[in-house]
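Structure at a glance
Listed here are the chains, written in short residue letters.
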Amino acid sequence: MTNKENSFEIRIVFDNRCKKDGFFTSFGFATLIYNEFSEKYVLFDTGGDSDVLIHNIKQFNINPSEIEKVVISHNHHDHAGGLNGIYKLNSNIEIYVPKSVESSYNRKFIKAKIFSVSDSMEIDQNIYSSGQIGKNIKEQALLLKSRNNEIIILVGCAHPGLENFIMKAQEVSKVIAVIGGFHGFQKYSYLEGIDFIGACHCTQHTGAIQKRFPAQFKQICVGNSFSF
């Protein structure tokens, strides 16, 4: 049933830092989005282990076979390694990958519908890819646009620089949240004015970010669920 007040429910289903009781941790990152606009599930990244991913999804009382769309931020095992398990449950799934790695997914997931992402595109209602960004490692983020026209950013590792994804999102509207791995990000001025800072997974300077933004910093653990 659609919740007219919220736009998205974001569940942390894979991370390596902390967990709630009953959930598993492993190296990698994944979030499961319930889109209140379309009433569909979109999985952003898959962690590095299918068994852990599927267990954690089921802990939310969600059947993994209900997931119709998967977005892979970049082609590293800790973000794409769990995809095979989801594919086995639903081979007709839609998979959105950076254009630079499209061919390998076409070969491996032959029954799935593979979408090659180059530029910004709508993946589900009010859920957009940033388009692939970066030079050595091509990566995409997700931009979720709420009923209030505010943006929630989901990032995998932010290898091309988190600031580039933030600037891309700001072209669309005001950014109120950013969740995911920030890698070596230290350009903290780009986080000014963002209400929800969920640095996890591969973030190298978590302590410094938390110290600078104590009110905005949120601990991200497997089993957490956030509504926007």
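One structure accompanies this document, and this report is about it.

What counts as what
Residues numbered from 1 in each chain as written. Predicted model: local features only at pLDDT ≥ 70, side-chain atom pairs only at ≥ 80, totals over all residues. Heavy atoms only, no water. Core = buried A, V, L, I, M, F, W, Y, C linked by side-chain atoms within 4.5 Å. Buried < 20%, exposed > 50% of the residue type's maximum accessible area, 1.4 Å probe, protein only. Helix = DSSP H or I, 4+ residues; strand = E, 2+ residues; numbered from the N terminus. Contact = heavy atoms within 4.5 Å. Pairing = 2+ DSSP bridges. Axes fitted to C-alpha atoms, helices over the stretch in contact; angles between N-to-C directions. Salt bridge = Lys/Arg side-chain N within 4 Å of Asp/Glu carboxyl O. Polar contact = N/O pair within 3.5 Å; in protein donor to acceptor, adjacent residues only side chain to side chain. Phe/Tyr/Trp six-rings, centres within 6.5 Å; stacked < 30°, edge-to-face > 60°. Lys NZ or Arg CZ within 6 Å of the ring centre and 35° of its normal. Disulfide = S-S within 2.5 Å.

What about the nonpolar core?
- Within the largest apolar cluster, 30 residues are counted, with the highest numbers of intra-cluster contacts made by L43, I67, I86, I95 and Y105.
- For this core, the elements supplying multiple residues, two or more each, are strand 1 (8-14), strand 2 (30-35), strand 3 (40-44), helix 1 (50-59), helix 3 (83-89) and strand 5 (94-98).
- For this core, the leading source of residues is helix 1, giving four residues.
- With sequence-adjacent residues up to four places away left out, I67 is seen in contact with L32, Y41, L43, I57, I86, N90 and I93.

Some points on the environment of I33
- Structurally, the position occupied by I33 is in strand 2.
- Since its relative accessible area comes to 0%, I33 is described here as buried.
- Taking C-alpha positions, I33 is 27 Å from Q186, a pair spaced 153 residues apart along the chain.
- When neighbours within four sequence positions are excluded, I33 is seen to be in contact with F8, E9, K40, Y41, V42, F44, I127, L142, L144 and L154.

Things to note about the sheet that holds strand 4 (residues 69-71)
- In spatial order, the strands read 6-5-4-3-2-1-13; together these seven strands make up an open sheet with mixed pairing. Single-partner strands in this sheet number two, and they are strand 6 (113-117) and strand 13 (225-227). When the angles between neighbouring strand axes are averaged without regard to direction, this sheet yields 20°.
- As paired strands, strand 5 and strand 6 are joined by five bridges and run parallel to one another.

What about the pattern of salt bridges?
- Per the stated rule, a full pass over the model turns up four salt bridges.
- We note a salt bridge from K40 to E68, for which the minimum N-O separation is 3.8 Å. In this pair, K40 is assigned in strand 3 and E68 in the loop between helix 1 and strand 4, connecting sequence segments 28 residues apart.
- Given the relative accessible area of 31%, K40 is considered partly exposed.
- Its salt-bridge partner being E163, residue K187 comes within 3.3 Å of it at the nearest N-O pair. Highlighted residues: K187 in the loop between strand 11 (174-181) and strand 12 (196-200) and E163 in helix 5 (residues 162-170), separated in sequence by 24 residues.

Examining helix 1
- Looking at helix 1, one finds that the buried residues are S50, V52, L53, I54, N56 and I57.
- Put simply, D49 is the residue that caps the front of helix 1, since its side-chain oxygen is 2.9 Å from the backbone nitrogen of D51.
- N61, located one to two residues past helix 1, shows a positive phi value of around 60°.

Here's the deal with the sheet that holds strand 10 (residues 150-155)
- Read across the sheet, six strands follow the order 7-8-9-10-11-12 without closing on themselves; strand pairing throughout is mixed. In this open sheet, the two strands that pair with only one neighbour each are strand 7 (121-124) and strand 12. On average, each strand axis in the sheet is inclined to that of its neighbour by 25°, with strand direction left out of account.
- Packed onto the sheet, helix 5 meets strand 9 (142-145), strand 10 and strand 11 and runs at close to 155° relative to strand 10.

Describing the packing of aromatic side chains
- Summed over all chains, the structure comprises 10 aromatic pairs.
- Seen from their ring centres, Y96 and F115 are 4.4 Å apart, and the 10° between their planes marks the pair as stacked. Of this pair, Y96 sits in strand 5 while F115 sits in strand 6, placing them 19 residues apart in sequence.
- Residue classification places Y96 among the buried residues on the basis of a relative accessible area of 4%.
- F115 gets classed as partly exposed once you look at its relative accessible area, which sits at 21%.
- In textbook terms, an aromatic cluster arises when at least three aromatic residues are bridged by ring pairs, as seen for Y87, Y105 and F109.
- The ring of F37 has R147 lying over it, and the distance from NZ or CZ to the ring centre is 4.5 Å.

Observations regarding the state of the cysteines
- Taken as a whole, this structure holds one disulfide when the rule is applied.
- Here C18 is linked by a disulfide to C221, with a sulfur-sulfur distance of 1.8 Å. Because the sign of the S-S torsion sets the handedness, a value of about -90° for the bond joining C18 and C221 places this disulfide among the left-handed ones. Placement of C18 in the loop between strand 1 and strand 2 and of C221 in the loop between helix 6 (206-212) and strand 13 is noted, with a sequence separation of 203 residues between them. Side by side, C18 and C221 carry an identical accessibility label, which is buried.

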